[in-house]
Amino acid sequence: MPSRLTALLLAAVFAVTARAEGQQPSQPKLLVRDALLFTMAPDQRKPFIGYFTIAPDGTILTVAPGNPPATLHAQQTLDAHGHWIIPGFISAHSHLWQAAFRGLAADSTLTGWLTAVYNDSGNKSRPEDLYWFTLDGALDHLQHGITAVFSFDYGGDSVCSPVPADIAHTCNGYTFRAEMDSGIRFVHGYDVGKATAPGIAPAYTAAQARIPLKAFLDYAQQASTKANTQQYLSTMISGYAAFSNTESQAYLDKALMQEFHLHNQSHYLEPPESAQEEQAKFHWFTDSGLLGPDLIFGHFIHTTPEILAATGKAGAAMSWNPLSNGRLASGVPDIPAYLKADIRVGMGVDGEASADLADPFENMRTGLYAIRDKYESATIMSPYDVLRLHTMGSADVLNIAGKVGSLEPGKLADFLVIDPTRFGPVSDPYASLVFVTSEPDLDGVYVGGTLRVDHGHLNNQNISKVDTEVNQRVARIRAKQ
């Protein structure tokens, strides 16, 4: 974290450079002052009262303790009056479109839940339905303080195939537009389709799968460039190897990852009833070359010491989803053991149909309590640890740590303003953040220095229209059941 002197020197260098290039130095877009800052920067664990400035492009210019210099002026100033500011949360594992289907299969484990959400609901949707469902989920994430998300976008064959020539009217096109229109930052999860075993059915090959994937990647890049925003962070393959009946799926995923330089997040080892079957498929990940720094395992609960050792050695990662794991009785991953094995860990709120509440504060509490119960120890994991996993941990897992996850110069200015009034006397600020805070304590949710959610109210969004569209479309789907 730069000192005030360093901040002034940086500003002076910027001004001199601008004059040398014949430009006028840009005035900061926003000055935030008198805030208790939890930067989550690696070298700054202790929160401090200070200020930070944001450039017109939405990146952080300076972060410093104390009061800003009198000569520092910005287009707008936010006086936090001592309120707390933390980086926006990052969900490393979400299904945004599932926001339309909360409460389904309340007494089911994963298998019964999948039938209710996909066969009885998702597969009866239309591609344009997914726009409204995804927009609903993204806005719900923002309202709860999640400013960046990886979303497994819908890829059900009955809804999304065949692929029309106009990418904008595919499932991926509709969900991508919803993600853009919401104002959230996102990694788009792309379902490449299912490979089938030779001799059982015609194999879906990488040569076939690359055509719609290439078309979507071109479309997404063009749409993002036209919008002139930094919301679209990347596309990642939504891996299907563990759910496949053939190792061909792993090779298909790997071929596309190599050609298009993509990462992959694969659901793996989630439900207890299929643990042995999925453990037996682990060699598919190693034999195909999937296991490596570009792979994230989603859920990753029912592991073995051998799987953990190989995963850590390969530099792979996992996303931890405490709320949905508890809701579906999937089990508790041994996070301290994973970290000890050098596995990178991020946290996700999963989908609103499996977690029902996209609240990262509740997600942190649930995860921390589960780990402490598992170890019967109150020191095995701290509030700071889970806050780090839901910010910088998730950013690292998604390969976006250079852009988001902490409040540092050069990063995107995604942050939350928290009113600590309800906390009373504070003994440990991190304990209050994790044990006490909930969505009503959020004064503001900022993305790139722009206020997206003001005291729970979404700015520049017609939430009544979104609710109406979602309700009508879900009613139509349920009428078919």
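The following paragraphs examine the structure supplied in this document. Source: prediction; values computed, not measured.

### Digging into helix α3 (residues 127-143)
In step 1: With 17 residues, α3 extends 25 Å from end C-alpha to end C-alpha; this agrees with the ideal 24 Å at 1.5 Å per step.
In step 2: Of all 17 residues in α3, 15 are buried, a share of seventy percent or more.
In step 3: Two residues or fewer past α3, glycine 145 is found with a positive phi of approximately 95°.

### Details of a nonpolar patch on the surface
In step 1: A cluster of nonpolar side chains, Tyr369, Phe435 and Val436, forms an exposed patch at the surface whose accessible area comes to about 240 Å².
In step 2: Counting through the fold element by element, tyrosine 369 comes out in helix α13 (residues 360-375).

### A closer look at the packing of aromatic side chains
In step 1: Summed over the entire model, instances satisfying the criterion amount to 30 aromatic pairs.
In step 2: Between tyrosine 118 and tyrosine 154 the ring centres are 6.1 Å apart and the planes differ by 20°, which places this aromatic pair in the stacked class. Taken together, the residues tyrosine 118 in helix α2 (residues 110-119) and tyrosine 154 in the loop between β7 (146-152) and α4 (157-160) connect sequence positions 36 residues apart.
In step 3: With a relative accessible area of 2%, tyrosine 154 lands in the buried category.
In step 4: Ring centres 4.7 Å apart and planes at 85° place the aromatic pair phenylalanine 150 and phenylalanine 152 in the edge-to-face group. You'll find phenylalanine 150 and phenylalanine 152 in the same group, each marked buried.
In step 5: Aromatic rings pair up to connect Phe176, Phe186, Tyr190, Phe216, Tyr219 and Tyr232 into one cluster.

Parameters and conventions
- Here, residues in each chain are numbered from 1, in the same order as that chain's written sequence.
- Predicted model: local features are reported for residues with pLDDT of at least 70 only, side-chain atom pairs are reported and counted for 80 or more only, and whole-chain, interface and lining totals are derived from all residues.
- Excluding hydrogens and water, the side-chain values take into account all heavy atoms of the structure.
- Put simply, DSSP marks the helices as runs of H or I at least four residues long and the strands as runs of E at least two long, and each gets a number from the N terminus on.
- Multiplying 1.5 Å by the residue count of a helix minus one yields the expected span of that helix.
- Exposure classes here rest on a 1.4 Å probe applied to the protein chains alone. A residue is buried below 20% of its type maximum, exposed above 50%, and partly exposed in between.
- Two distance rules govern patches: like charges are joined within 9 Å, and nonpolar side chains (Val, Leu, Ile, Met, Phe, Trp, Tyr) within 5 Å, applied only to residues with over 30% relative accessible area and no salt bridge.
- The method behind every accessible area is Shrake-Rupley, applied with a 1.4 Å probe, and residues are considered shielded solely by the protein chains displayed.
- Salt bridges are identified by distance alone: a Lys or Arg side-chain nitrogen within 4 Å of an Asp or Glu carboxyl oxygen.
- Within 6.5 Å between ring centres, the rings of Phe, Tyr and Trp (the latter by its six-membered ring) count as paired, and their orientation is classed by plane angle as stacked under 30 degrees, edge-to-face over 60, tilted in between.

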